[in-house]
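Notes for the structure review
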Amino acid sequence: MPTATSAQPELTVQRADDGRLTVRLAGPWSLGAGLPPLADVERELAGPAPSAIGFETEDLTTWDSSVLAFLAGTSKLARERGVPVDTAGLPEGLRRLLALAEAVPEKSDARATKAEDDFVEMVGVRALEAQRLFESGLDFVGKLVLSFGRLLRGRARFRGSDLALLIQQSGFEALPIVTLVTFLLGLILAFVGAIQLQTFGATIYVADLVGVAMVRDMGALITGIIMAGRSGAAFAAQLGSMKVTQEIDALETMAISAMDFLVLPRVIALILMMPLLTLYGDAMGILGGGFVGVTVLGLSPVEYLLQTGDAVSVTHVVGGVVKGTVYGALIATAGCLRGLQSGKSSSAVGDAATSAVVTSIVAIIMACGVFALVFYALGI
Amino acid sequence: MPVPIGAHANGAAAVTVHNLTMAYGDFVLQRDLDFTVGTGDIFVIMGGSGCGKSTLLRHLIGLHEPVKGEVFYGDESFTRASPERRTKILRRIGVLYQSGALWSSMTLAENIALPLGEFTDLSPEEIREVARLKLALVGLAGFEDYYPSDISGGMQKRAGLARAMALDPDILFFDEPGAGLDPISSRLLDDLIVELRDSLGATIVIVTHELASIFAVATNSVFLDAESRTIIASGVPTELRDRSTDERVRRFLRRGET
């Protein structure tokens, strides 16, 4: 029997002559100090089977779940080897907790089984999932078209105040960020062009470069990407959380179409706002380019604007605005689709918002590619 | 029209569930459910956690489609109804969701006004008047212009009830009405449910596992069992508690004591 209470946690495993294994725990054991190691017990149990396992805990000053985890482990090992466990030497509290932990046997099928890493199976599962997502996407677009049909016949119902608020949120409130980003984009384009054009002494053509690039493509593209991050994510999060709180169920059981009531105003808001934001972004980009032209390249403002006016045609402007409008429809559709597909937990709403932004941006870039081909074929 | 099984109707059948099987993919939740909710009943769907009672409610109100079987309102099949007929049937029912499910972007008055505006020809002033009245019925007079996030959980539930009653439905569904409420609020909601049945003559279907509530209000019930995946008892809950021959039902209704 040890005389002094030790300040260090101790664990000793001893085998008596009658084959009884005694586990002695002493000192302060806590989760902070780590779990008592099972290795010694395991080693003893691997040898000739002891007649029983007992415990000595007179010098155990403090204990918590760390000791309990050790005991549960020991008890499990002993059970596997068919060795009886004598819990008489344990403190009352530990004995009862151990009994509680072992009262209900582990449910054999409750533990998540790690799926076999079968490549073929994984490809199949992913393909089926992709097909399901694609089909539900098509289904959504079909329903949206029907919803627009009802709108044209004056039978789709949503609140005008909702549309007004959405227009304010996705249009007017986006102005500062659109201003900043498109101005800087124009500025960057001007610098990139200036370096090349300076070697030919043709810096005035910076105005052509910035004007045409912004108006034809970059204005709509960059505004679309901003709106995907702003409104697309917001739509997905709004509809996703409405799903979590059963607000969408409540609409459906009132026979109010979520498509008409929630999706339609969002799509309309972006279809109305994106062309305006695109035009505004174009102007800001040209302003950014002009800023570089005037302050760095020494061009006069009038000269720069006249040169831009010569370079940019109405066709360019209209083409850019058409692109912006299509991007707006894509962003709103992707945002609402992902929101309505969202699962019913807070992390699923986050996933829906992320997925909405990714889907919107991919859709915008793909549409941009299609436009490039079509405009090239049309000679615009 | 199927033969009502286990009917305990005061009058004609308000809702009939015939041979209903519910499943998520391949996992069958409950099979071959048959019961009838009589007009004017306060009908409780009870059972342990995870037995599928909330899912059954979702089937009754058309948020899930059964893999087999049908739901009838009166003698009209809801499951096979055309979209137009479905809309008609849905207009006759009101649902109080577990969390209230008030539309968070609208004030309480607007929440109630929305169905009124959709389905009636009332003028905006009349709608406003009706909304005020409905809120007064659930003790929320003066809260018309509050948003759902500005009021407590118990008040949200009552406002949800006011919205469910907006179109004077014949049948009201309640999903776990007492969940998240303190004992007194829960009791007040129970009293309100009985009062509504008595004064409006509505039929009421409640999904719950709260015994105090069940014994206080139910006039009829079905008991869903998660293990055998079907109805193992039906009838008046107090009678089931005292006289059911099924051990599982007695244990449930006596909080584990047999």
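Residues numbered from 1 in each chain as written. Chains lettered and ligands numbered in written order. Predicted model: local features only at pLDDT ≥ 70, side-chain atom pairs only at ≥ 80, totals over all residues.

Some words on the overall build of chain B
A tally of helices and strands in chain B yields 9 helices and 10 strands. Here the C-alpha radius of gyration of chain B, 18 Å, is about what a compact globule of 258 residues would show, namely 18 Å. By principal-axis analysis of the C-alpha atoms, chain B measures approximately 55 × 45 × 35 Å. Relative to its full complement of 258 residues, chain B shows a buried share of 44%. Summarising the internal contacts of chain B: among those between residues at least 6 apart in sequence, 66% fall at separations of at least 24. (Helix = DSSP H or I, 4+ residues; strand = E, 2+ residues; numbered from the N terminus. Rg over C-alpha atoms; globule rule 2.2 N^0.38 Å. Buried ≥ 20, exposed ≤ 12 C-beta atoms within 10 Å, placed from the backbone. Contact = placed C-beta atoms within 7 Å.)

Quick look at the interface of chain B and chain A
Opposite the 14 residues of chain B that make contact, chain A presents 11 residues. Counting only elements with at least two residues in the side of chain B that touches chain A, the list comes to α2 (83–91) and α3 (108–119) of chain B. Of the residues belonging to the side of chain B that touches chain A, the class tally is 8 nonpolar, 4 polar and 2 charged. (Nonpolar A, V, L, I, M, F, W, Y, C, P; charged D, E, K, R; others polar.)

Looking at the sheet that holds strand β6 (residues 93–96) of chain B
Residues and elements named next belong to chain B. Reading across from one edge, β6-β7-β8-β3-β9-β10 is the order of the 6 strands in this open sheet, with mixed pairing throughout. Edge positions in the open sheet fall to β6 and β10 (230–234), since each of these has one partner strand only. Neighbour-to-neighbour, the strand axes of this sheet turn through a mean angle of 20 degrees, independent of strand direction. Helix α1 (residues 53–60) rests against β3 (42–47), β7 (171–175), β8 (203–207) and β9 (220–225) of the sheet, and its axis sits at about 135 degrees to β3. Packed onto the sheet, helix α5 (residues 153–164) meets β6 and β7 and runs at close to 170 degrees relative to β6. (Pairing = 2+ DSSP bridges. Axes fitted to C-alpha atoms, helices over the stretch in contact; angles between N-to-C directions.)

Here's the deal with the environment of Glu 58 of chain A
Residues and elements named next belong to chain A. On the secondary structure map, Glu 58 appears in the loop between β3 (52–56) and β4 (60–62). For Glu 58, a count of 12 C-beta atoms within 10 Å gives the class exposed. Separated by 31 residues in the primary sequence, Glu 58 and Gly 89 have C-alpha atoms spaced 8.3 Å apart.

Considerations on the sheet that holds strand β2 (residues 27–38) of chain B
Residue and element names in this part refer to chain B. Spatially, the 4 strands line up as an open sheet ordered β2-β1-β4-β5, and their pairing is antiparallel. The open sheet is flanked by β2 and β5 (76–77), the only strands paired with a single partner. Here strand β1 (residues 13–24) pairs with β2 via 8 bridges, running antiparallel. Bridging across to β2, Val 17 finds its partner in Phe 35. Strands β1, β2 and β4 (68–73) of the sheet are contacted by α1, whose axis makes an angle of about 120 degrees with β1.

Points about the packing of helix α7 (residues 206–244) of chain A against helix α11 (residues 314–341) of chain A
Residues and elements named next belong to chain A. At a minimum axis separation of 7 Å, α7 and α11 run at an interaxial angle of 15 degrees. It follows that α7 is roughly parallel to α11 by the angle criterion. For the element pair α7 and α11, the recorded crossing hand is right-handed. (Parallel < 35°, antiparallel > 145°, perpendicular 65-115°, else oblique. Left-handed = near helix turned anticlockwise from the far one by under 90°.)

Remarks on unusual backbone geometry
Comment: phi is negative for the bulk of residues other than glycine, and the bulk of peptide bonds are trans. Of note, the phi angle at Gln 246 of chain A is positive, near 65 degrees, even though the residue is not glycine. Following the sequence through the fold, Gln 246 of chain A ends up in the loop between α7 and α8 (247–253). Taking the C-beta count within 10 Å as the criterion, Gln 246 of chain A has 22 such neighbours and is therefore assigned buried. For Ala 101 of chain B, which is not glycine, the phi dihedral falls at a positive 55 degrees. Within the element layout of this structure, Ala 101 of chain B appears in the loop between β6 and α3. Owing to 26 C-beta atoms within 10 Å, Ala 101 of chain B belongs among the buried residues under this scheme.

Looking at the domain arrangement of chain A
Here chain A is described as being made up of domain 1 (10–101) and domain 2 (147–378). Measuring from the centre of the C-alpha atoms in domain 1 of chain A to the corresponding centre in domain 2 of chain A gives 66 Å. (Domains from an automatic or database assignment.)

So, the environment of Gln 307 of chain A
Residue and element names in this part refer to chain A. The residue Gln 307 is located in helix α10 (residues 301–311) in this model. The class of Gln 307 is buried, set by 20 C-beta atoms lying within 10 Å. When the C-alpha positions of Gln 307 and Gly 211 are compared, they lie 9.1 Å apart, and in sequence the two are 96 residues distant. Once residues lying within four places of it in the same chain are set aside, the contact partners of Gln 307 are Ile 204, Ala 207 and Asp 208.

Considerations on the domain arrangement of chain B
Residues and elements named next belong to chain B. Partitioning chain B into domains gives domain 1 (1–92 + 171–258) and domain 2 (102–168). At the interface, 8 residues of domain 1 touch 7 residues of domain 2. Top contributing element to the side of domain 1 that touches domain 2 by residue count: helix α6 (residues 183–200), with 3 residues. Partitioning the side of domain 1 that touches domain 2 into residue classes produces 5 nonpolar, 2 polar and 1 charged.

Notes on the nonpolar core
Core analysis: the largest hydrophobic core is formed by 140 residues, its most contacted members being Val 15, Ile 45, Ile 112, Leu 135, Phe 173, Ile 204 and Val 205 of chain B. At 18 residues, α7 of chain A tops the list of elements feeding residues into this core. With residues near it in sequence (within four places) discarded, Leu 135 of chain B still touches Leu 108, Ile 112, Leu 140, Ala 141, Phe 143, Glu 144, Ala 159 and Ala 162 of chain B. The next biggest cluster of nonpolar side chains, apart from the first, holds 18 residues, and it includes Leu 21, Val 23, Trp 63 and Val 85 of chain A. (Core = buried A, V, L, I, M, F, W, Y, C linked by C-beta atoms within 7 Å.)

Observations regarding the pairing of β1 of chain B
All names here are of chain B. Counting the residues that bridge the hairpin from β1 to β2 gives 2 residues, and of these Gly 25 lies at a positive phi of roughly 60 degrees. The sheet contact formed by β1 and β4 spans 5 bridges and is antiparallel. Residue Thr 21 lies in a different strand from β4, and its bridge partner there is Lys 68.

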